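Observations on the three-dimensional arrangement
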Amino acid sequence: MTTVRTVLAMRTKEGCEERFEAEWRSAAEQIRALDGCLNQDLVRDADDPRSYLIISDWADRERLDAFGRSEHRDRLLQMIRELRESAQRHTYQVLHSVRSEPEESR
């Protein structure tokens, strides 16, 4: 099994940034409990506060795809879909990760 990472680029409708972030946090709290979900990040473009990346790591493609086809996903992400202007998703296989040592260890 290979870890997979999804990167979902979204642009919110004007004025919907705070609500989008709150809705994502609510959905992410439920998604993190799902079998296979390893990590989720929401990042905002430093130069365009309406542009976000949702980055998720999953244990394998099968569990990611099962979530992606589920009615549970549709219900969780309904409000996010209503707040966005555009979205584009890509899925990647994680080949290597290199972690930095904590400052106190150096």
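Reading the values: rules and limits
Residues numbered from 1 in each chain as written. Predicted model: local features only at pLDDT ≥ 70, side-chain atom pairs only at ≥ 80, totals over all residues. Heavy atoms only, no water. Helix = DSSP H or I, 4+ residues; strand = E, 2+ residues; numbered from the N terminus. Buried < 20%, exposed > 50% of the residue type's maximum accessible area, 1.4 Å probe, protein only. Pairing = 2+ DSSP bridges. Salt bridge = Lys/Arg side-chain N within 4 Å of Asp/Glu carboxyl O.

Looking at an unreviewed UniProt entry, the protein chain carries the name Quinol monooxygenase YgiN, with the source organism given as Micromonospora palomenae.

Attention shifts here to the overall build of the protein chain. Helix and strand counts for the protein chain stand at three helices and four strands. In the protein chain, the succession of α and β elements from N to C terminus is β-α-β-β-α-α-β. Taking the principal axes of the C-alpha coordinates as reference, the protein chain spans close to 45 × 35 × 20 Å. Here the protein chain holds 106 residues, and the buried ones make up 31% of them.

What follows deals with the pairing of strand β2 (residues 37-44). Relative to strand β3 (residues 51-58), β2 is paired through seven bridges, and the arrangement is antiparallel. Across the sheet, residue C37 finds its bridge partner in β3, namely W58. A loop of six residues connects β2 with β3, the two strands running antiparallel in sequence.

Bringing the pattern of salt bridges into the picture now. Tallying each qualifying case throughout the model produces eleven salt bridges. Among the ionic pairs, E85 bridges to R11, the shortest N-O distance being 3.4 Å. One end of the pair, E85, is in strand β4 (residues 84-93); the other, R11, is in strand β1 (residues 4-12), and 74 residues separate them in sequence. What emerges from the salt-bridge pattern is a single network uniting R11, D48, R50 and E85.

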